[in-house]
Amino acid sequence: MDYVQITKPQRRAMLDAIGVDEVEDLYANLADEYRLKESVTLEGLDNGLSELELIDRLDEMARENRPTGASGWSCFLGGGAYDHFIPTVVDHLAGHGAFLTAYTPYQAEASQGSLQAFFEFQTQVCRLTGLGVANASLYEGATAVAEAVVMALNTTGKRRVLVASTVHPHYRQVVHTHLSDLPVELIELPACAQTGTIEIGALATALGPGDTACVVVQSPNVHGLIEDWSELFAAAHGEDKTLAVAVFNPIACGLLKRPGDCGADIAAGEGQPLGTPMQYGGPYLGLFAARQSLMRKMPGRLVGQTTDNQGQRGYCLTLQTREQHIRGAKATSNICTNQGLLALRATIYMSTMGQSGLREAASQCYHKAHHAAQQITGIEGYSLAYAGSFFNEFVVNCPVPAARIIELGRERSIGPGLDCASLGTGTDNQLLVAVTEKRTAAQIGALAELLKDAS
Amino acid sequence: MESTSTPQREKTTTHGAGSDRSGDGVTLIFERSTPGVCAVDLPALDVPEAPAGQGLFADEAPDLGHIGQLDLVRHYTHLANRNFSVDANFYPLGSCTMKYNPRVNETAAAMPGFTGLHPLQADADTQGALRMLYEVRTWLAAIAGLDEVCLQPCAGAHGEYTALKVIRAYFKDPQGGNAPQRNKVLAPDTAHGTNPASCAMCGAGVVQVPSKDGLVDLDALRSLVDNQTAAMMITNPNTAGLFDGTIAQIAKILHDVGALLYLDGANMNAIVGVSRPGDFGVDVMHFNTHKTFSTPHGCGGPGAGPIAVRDFLSPYLPVPQVVKLENGSGGVRYARDWDRPKSIGRVRSFTGQFGVLLRCWAYIAACGPEGLRRVAQTAVLNANYLAAQLRDRFETPYFDPGAGRYCAHEFITVPKDLLAKGVTLIDLAKRLIDYGIHPPTMHWPVHDCLMIEPTETESLATLDRFVDVMNKIAQEVEADPQLLKGAPYHAPLRRLDEVAAARNPTLCHAD
C-alpha cells in the first residue's frame, strides 16, 4: 500500500489538464541516464506488503527482543534512560491525530493547540528547574548539553569549557564532537576516587586562567551520586561571567533541590523519564532552561503569549530572529525541529502526575533504590563503590565481572544493571543499578538473589 | 468534502473546541488546578522508607498543579481541537511534505516489544530491533544509490551537521582526503536556513552561490570553487520546486577541484524510487524521514535525518553502526559496532531515533520498490496539476507547461496581480484558514511567494477543492480586499499579534 488515492482515469485526466502524455514527461530536466529503468532493489523486499503481512513481520521482529514489562523482564538498567511508569492517559492523549499530524506551529491561528501545550510545557520546565525561561524542547539530553555549552561560549565570548568527568560519557562525547572543529579548549574535571563526585578543589584549580565560558556538572551524576551544585556553581561564579550549566534528571527534581535553586544559569537534561518509553534510545527530548537574562541567546523554538485582534489570549512562536530560517549562519543554533510530540508527552505526563504525583514517584525511586542497595550490600562480596548520597541509581563493586551477572540475569529475565566498563565509567567488576518506582519489592529481592547466585 | 461557500465575517460555527472558552481563550492547565485532586495513583510503597540525606531534599516538589483525570483529558482534547492537522485539513505546506501518516506505523511504534527496550540492553536481547535498523539502513542506501547509511542524526539539520563533520574529518585525514585547508562550503542563495547554520556549527565558512532563473548559476559556481572548497550543499529538486538538470555538471565542477557534493534530501519526495542521487554525482546526503517516509511531524518533531555516503566517507561516520554478522554455519546476527577508529565520534546519546526509524521501515515495507516510484510520480503529478489549474490567477514564475517547464513535487506562485490590489501575502494565507486549509509556506525561497506542496496522498477531489478555494479568494480580493485584512474569522482565534509577542516576551505563565 503506497497510500496514493489518484486512480488511473484521474491520472489520465490530470495529465491532459497539464498538457503532457506521461508522468515521465514532467521530469523533463532529469536526464535519461539518471532515471531508473526499473524500480530500486531493496534487500528482502521485492514487493510492498499488505497491512496484515506488515504486522506479521513487525510482530516477528518484536518477538526477537526482550522488552521490559509484558514479558516479565525486570529492568534495572539506567545510565540515561529509565523505565518509569507512564500513565495510560499519556499515550491516549498524545496519540490524537491533531497533535500527531500537525507541523511546527508557524501559522499561529491554525495551531493554538500545540502552541498552548508548548507554552504550558515551557512553564512546567521552568518550575521543574527553578529557572526563568525554557524552550519548547531540543533533540535529546546529550545534544541539549552541547547546545548549552555553545550558548555559554556565544554568551561569554570565552574559549574554555570545563566538563565534569562525572557527566554521562555519551554527553561528554557529544560535546567533544560538537567542539572539535571550533577554536575552543575542552577540559575534563577529574572526580574524587572515593566520593565519585567533583571536589571543590579540583574545580578551583581548573578555573585558574579566567577565560572559562562554563562549568558543566551533572547531578545525579553518571554514578547516580548527588553533586554539590551549590558549592561548585558558587565557585564558578567567582570568575567573571562564567556560566554554571546543570545537567539534571527531571524526576529527581520532584525530590531534590532544583538547578536554579543551586545557582545554575543553564539547565539541560534528558526528558525521556517524563512519559516517553525507553524505545531503544529514541526519540527522546532535550530539556533546556536558563536564567531570564539569557533568553535571547537560547537555542530552539520558543512560544510566547500574545493576544488576537479581539484581545483574546493566544500563543505564537516568538523571538524567531534567533533562528536559522531567519539568521542563517548567525543563528544561535541550526535547530529547526523541536521534539514536539515528545514535549507534548512530557507536558501531559507532568500534568497527570501533578505536584503530588511527581513527588511520590521521585520518593519511591529514592526509597526503592536505597532498599535495593541495602539488600545487595548485605550479600557477601558486594559493596557500594562510592560513599556519597544517591538518588535512584548506584554503583556496586562485585566479586565477579558485571558481565557474568548480566549473562546469568538473561536466564532469569532480569536486567541487573549496566556494566560500568562498557559504559566507560568504571571497572569490569562494577555494576550500575537503577531502580524506578516500577520495580517491586519482589523484583528487588530477585535481583539480590541473582547477585548472590552469581558470586 | 467541505464546501467552498464563503465564510462570513461573523463567526457562525464553533470551529475548534472551545466548549469552555471564555473571552480569555482556553484555560491554562495551571488555572484548572485544584489541590487535593490527582490524575494518577501509584501502588503503595512496598519497601521500608530510607532516611533523607541531610539537606538533600527540597521541601516540596515543583508546582505542577493538581488536576483530575477527566478534566485532564478534556483539557488536551480541547487543545487538539484547536489545531489544523493532516488528519483533518489539507496542509500544502511547501518543503515540509505533509503527507498522510499511516496509522499502521503508529501501531508498529507502540508494540511493547519495541517500546520496552532499554538502549543499552545486550545486542543478544535486541536482535529484532537491530535487524530492523540494519534493514532500513540498507534500504535507504539503495534508495540513495550510495554505499553506507548512518541512522543516528535526530533531524535533517542534525544530518547536515553530522555530514559536514564527516566531510571535515575526511579532509583532515592524511590517509583520506588529505586537504585540511578545505574549510569552505558553498550553498545556493535559495538554500534552507539550516545549511549555513550547520556550516557555522562546524566552523566552516559559507559562500553563497547566486541563482539564475531559479537554478544554480554555473559560471558563478566555477568562479567560486577552489582548493579551499570542501563541498557544496544543494537541494535537488531545489527549494523553488525545480529539478536542476545541470546537477551532473555541478557535480563535475566540484569533483574537478577535489570537492564533494552534498544533497539536502528535503525534496526527495519528488524522486524517491525514480532517480538515485548517487547516480547524478552526489557524494553524501541526508534524508528527512518525516518528509519522504511518512513519519509524523508531531507539531514539529521528532524527525530523523539519516545520512548516506560514498564508501570513502564511511570510516568517519558516527558510532555506533548497526552491522550484520554471519557466522560460518550460515547463521546471522546483528550487532552494534563501536570499533571505528576514524569515526567523528558521537553526535547523540544511544543508537538513534529508533521509534521514528521503525515507522520509516514500516512505510518503505508497505510501499515496496514499485510503490516508492508511484509515490514520487504522483507527488509530481499532483503538484503540476495544481500549478496548471492555478496559474491563470496565481502567477507561477517557473512553471510554464507550454514552454516545457514543469515543477517537481512543489511549486511557487508569486501572485503579483492580487497583491497589487491592496492585500498582503499574509492576508491570503490567513483567509485560507477560514476555508479549513492550512496556508502554504510563505515568502520562501523568494519574497511574496506561496510555496505549495500537495503531496501524493491527496485525492483529486481535495486538489480540486483547493483550486476552487484559491479562485474564490482571488474573487474576494477583487470584490473586497478589506475582507481579507480581517481574516481569519473562523479559526479558534482571530489574527494574533506576533510583533507584540516578541517585543515583551512572556514565555512562562506567572501565577
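Residues numbered from 1 in each chain as written. Chains lettered and ligands numbered in written order. Predicted model: local features only at pLDDT ≥ 70, side-chain atom pairs only at ≥ 80, totals over all residues.

**Details of helix H7 (residues 169-179) of chain A**
Counted only if it meets this: To sort residues by exposure, count the other C-beta atoms lying within 10 Å of each residue's C-beta; 20 or more gives buried, 12 or fewer gives exposed, and values between give partly exposed, all with C-beta atoms placed from the backbone. Note on conventions: DSSP H or I runs of at least 4 residues are helices, E runs of at least 2 residues are strands, and numbering of each starts at the N terminus. Contact definition: two residues whose C-beta atoms, as placed from backbone geometry, lie within 7 Å.
Extensive coverage of H7 of chain A is indicated by the burial of nine of its eleven residues. Turning to H7 of chain A, the residues buried within the fold contact helix H6 (141-156), strand S3 (160-164), strand S4 (185-189) and strand S6 (243-248) of chain A together with helix H5 (156-172) of chain B.

**A look at the confidence of the model for chain B**
Residues and elements named next belong to chain B. Selection criterion: What pLDDT conveys is the predictor's confidence in a given residue, as a value from 0 to 100.
Mean pLDDT over chain B: 93, with 96% of residues reaching 70 or higher. Under a pLDDT of 50 for its full length, residues 12-24 has, in the predicted model, 21 contacts with residues more than four places off or in other chains. Quick note on the complex model: pTM equals 0.97, ipTM equals 0.97.

**Topic: helix H2 (residues 51-63) of chain A**
Residues spaced three or four apart along an α-helix face the same direction, because each turn holds 3.6 residues. Operational definition: How far a helix is expected to stretch is found by multiplying one less than its residue total by 1.5 Å. This arc corresponds to the set of directions leading from the helix axis out to the C-beta atoms.
With 13 residues, H2 of chain A extends 18 Å between its outermost C-alpha atoms, agreeing within 8% with the 18 Å of an ideal straight helix rising 1.5 Å per residue. All of the buried residues along H2 of chain A are Leu54, Leu58, Met61 and Ala62 of chain A. Take H2 of chain A and look down its axis: the buried residues cluster within an arc of 100°, on one side only. Of the exposed residues in H2 of chain A, those oriented more than 90 degrees away from the buried face are Leu52, Asp56 and Glu60 of chain A. Against the buried residues of H2 of chain A lie helix H2 (103-109), helix H3 (112-115), helix H4 (127-144) and helix H10 (354-390) of chain B.

**Brief notes about the packing of helix H1 (residues 8-18) of chain A against H10 of chain B**
Using the following cut-off: Only the contacting stretch of a helix is used when fitting its axis, a line to C-alpha atoms as for every element, and angles between N-to-C directions run 0 to 180 degrees. Orientation labels follow simple angle bins: below 35 degrees gives roughly parallel, above 145 gives roughly antiparallel, 65 to 115 gives roughly perpendicular, and whatever is left gives oblique. Crossing handedness follows the turn of the near helix against the far one: under a right angle anticlockwise gives a left-handed crossing, and clockwise gives a right-handed one. The classification used treats Ala, Val, Leu, Ile, Met, Phe, Trp, Tyr, Cys and Pro as nonpolar, Asp, Glu, Lys and Arg as charged, and all other residues, Gly among them, as polar.
It is the contact of H1 of chain A with H10 of chain B, at a shortest axis distance of 9 Å, that shows an interaxial angle of 45°. With respect to H10 of chain B, the axis of H1 of chain A lies oblique. Between H1 of chain A and H10 of chain B lies a crossing whose hand is left-handed. Of H10 of chain B, the residues touching H1 of chain A (which contributes Arg11, Met14, Ala17 and Ile18 of chain A) are Leu381, Asn384, Tyr385, Ala388 and Gln389 of chain B. Here the residues of the contact of H1 of chain A with H10 of chain B are counted per class, giving six nonpolar, two polar and one charged.

**Topic: the pairing of S6 of chain A**
Residue and element names in this part refer to chain A. Selection criterion: Note on pairing: DSSP must find at least two bridges between two strands before they are called paired. By convention, a crossover is right-handed whenever its connection, traced from the first strand over the helix to the second and viewed with the strands pointing away, goes clockwise.
Most of S6 sits out of view: six of its six residues are buried. Where strand S5 (residues 212-219) meets S6, six bridges bridge the pair, whose relative direction is parallel. In the strand pairing of S6, Gln218 is matched with Val247. Running through helix H9 (residues 229-237), the crossover from S5 to the neighbouring parallel element S6 is right-handed.

**Points about the interface of chain A and chain B**
Taken together, the contact pairs 175 residues of chain A with 176 residues of chain B. A per-element tally of the side of chain A that touches chain B places helix H11 (residues 340-377) of chain A first, with 23 residues. Each residue belonging to the side of chain A that touches chain B can be placed in one class, and the counts come to 81 nonpolar, 69 polar and 25 charged.

**What about the domain arrangement of chain A?**
Definition in use: By convention here, the domain bounds are inherited from an automatic or database domain assignment.
Per the domain assignment, the segments making up chain A are domain 1 (8-63), domain 2 (74-84 + 355-454) and domain 3 (90-349). The gap between the C-alpha centroids of domain 1 of chain A and domain 3 of chain A is 42 Å.

**So, the sheet that holds strand S14 (residues 450-452) of chain B**
Residues and elements named next belong to chain B. Overall, antiparallel pairing links the three strands, which are arranged S12-S14-S13 in an open sheet. Two strands bound the open sheet, and with one partner strand each, they are strand S12 (411-413) and strand S13 (441-442). Note: S12 against S14, three bridges, orientation antiparallel. Each bridged residue has a counterpart across the sheet, and for Ile412 the counterpart in S14 is Met451.

**So, the nonpolar core**
For clarity, the cut-off: By definition, a nonpolar core groups buried Ala, Val, Leu, Ile, Met, Phe, Trp, Tyr and Cys residues that connect through C-beta atoms lying within 7 Å of each other.
Among the nonpolar cores identified, the biggest contains 328 residues, and Val149, Val216 and Val245 of chain A are the most heavily contacted of them. Considering each element in turn, this core owes the most residues, 24 residues, to H10 of chain B. Apart from the residues within four sequence positions on either side, Val245 of chain A is in contact with Ala148, Val149, Ala152, Cys214, Val215, Val216, Ala264, Ile266 and Ala268 of chain A.

**Considering the pairing of strand S6 (residues 229-235) of chain B**
Residue and element names in this part refer to chain B. In terms of residue burial, S6 counts as a mostly covered element, since seven of its seven residues are buried. Of the strand pairs in this sheet, strand S2 (residues 184-188) and S6 are connected by three bridges, and their pairing is parallel. Looking across to S6, one finds that Lys184 is bridged to Thr229. When S6 meets strand S7 (residues 260-265), the two strands line up parallel, connected through five bridges. Across the sheet, Ala231 pairs through a bridge with Leu260, a residue of S7. Handedness of the crossover joining S6 and S7 through helix H8 (residues 247-256): right-handed.

**A word on the domain arrangement of chain B**
Residues and elements named next belong to chain B. When cut into domains, chain B gives domain 1 (23-48 + 61-81), domain 2 (106-364) and domain 3 (374-500). Each side of the interface is counted separately: domain 2 has 15 residues, and domain 3 has 15 residues. When grouped by side-chain class, the residues that make up the side of domain 2 that touches domain 3 number eight nonpolar, seven polar and no charged.

**Side note on the sheet that holds strand S14 (residues 418-419) of chain A**
All names here are of chain A. Across the sheet, which stays open at both edges, the four strands sit in the order S11-S12-S15-S14 with antiparallel pairing between neighbours. In the strand order of this sheet, the two ends are held by strand S11 (383-384) and S14, each with one partner. With two bridges connecting them, S14 and strand S15 (residues 430-434) associate as antiparallel partners. Looking at S15, one finds that Asp419 is bridged to Leu431. Sitting on the sheet, H11 touches S11, strand S12 (393-397) and S15, and the angle it makes with S12 is about 5°.

**Quick look at the environment of Cys202 of chain B**
Examined against the element boundaries, Cys202 of chain B turns out to sit in the loop between helix H6 (194-201) and strand S3 (205-209). Given 22 C-beta atoms within a 10 Å radius, Cys202 of chain B is considered buried. Distance from Cys202 of chain B to Tyr161 of chain B, taken between C-alpha atoms, is 7.1 Å for residues 41 residues apart in sequence. Among all residues touching Cys202 of chain B, those that are not within four sequence positions of it are Asp181 of chain A together with Tyr161, Leu164, Lys165 and Arg168 of chain B.

**A closer look at the packing of H11 of chain A against helix H14 (residues 441-454) of chain A**
For any two helices packed against each other, one specifies the crossing angle of their axes together with the interaxial distance. Residues and elements named next belong to chain A. Contact geometry for H11 and H14: axes closest at 9 Å, N-to-C directions at 30°. Of the possible angle classes, the one that applies to H11 and H14 is roughly parallel. Read as a crossing pair, H11 and H14 show a hand that is right-handed. Here H11 contributes Lys368, His371, Ala372, Gln375 and Ile376 to the contact with H14, which in turn contributes Ile444, Leu447, Ala448 and Leu451. Of the residues that constitute the contact of H11 with H14, the class distribution is six nonpolar, two polar and one charged.

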